[in-house]
Amino acid sequence: MCADTFGVGIRVTEAEFRVVVGVPSDIDAGWTDPEAFQSLVTETVWERLDRRPTLEAVAARYETGETASLGSVTIEPDGTVVDTDLNRIRAADD
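Structural notes, computed from the coordinates.

Calculation notes
Residues numbered from 1 in each chain as written. Predicted model: local features only at pLDDT ≥ 70, side-chain atom pairs only at ≥ 80, totals over all residues. Heavy atoms only, no water. Phe/Tyr/Trp six-rings, centres within 6.5 Å; stacked < 30°, edge-to-face > 60°. Helix = DSSP H or I, 4+ residues; strand = E, 2+ residues; numbered from the N terminus. Buried < 20%, exposed > 50% of the residue type's maximum accessible area, 1.4 Å probe, protein only.

For the rest of this paragraph, the subject is the packing of aromatic side chains. By the definition in use, this model includes three aromatic pairs. Aromatic pair Phe 6 and Trp 31: ring centres 5.7 Å apart, planes at 85°, arrangement edge-to-face. Of this pair, Phe 6 sits in strand β1 (residues 4–12) while Trp 31 sits in the loop between β2 (17–22) and α1 (34–48), and the two are 25 residues apart along the sequence. Here Phe 6 and Trp 31 have matching classes, each one buried. Ring centres 5.2 Å apart and planes at 15° place the aromatic pair Phe 6 and Phe 37 in the stacked group. Pair noted here: Phe 6 is in strand β1 and Phe 37 is in helix α1, with a separation of 31 residues, a long-range link. Taking relative accessible area as the criterion, Phe 6 reaches 0% and is therefore assigned buried. For Phe 37, a relative accessible area of 7% corresponds to the buried category. What links up through ring pairs into an aromatic cluster is the set Phe 6, Trp 31 and Phe 37.

Keep in mind these numbers describe shape, not what the thing actually does.
Encoded structure:
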């Protein structure tokens, strides 16, 4: 089994925010369910970043159609989180 690194961001639409997961082109064959890795990535993000402040910052800084990059999550197909490189988004420049 080999870990894969997924990019993650928040896409701003007219009606909602969407967590978007970038999938590597050479993804491990152990991932058989796309919804499973997307759910794992999303869960990992919200375990490490505070959801409410993150979404408030995205709302303050990004326009409809833009995607706020949060960084990346590296996970093995069995659900083991190997590494995270996530960035907190600030509502305004400090």
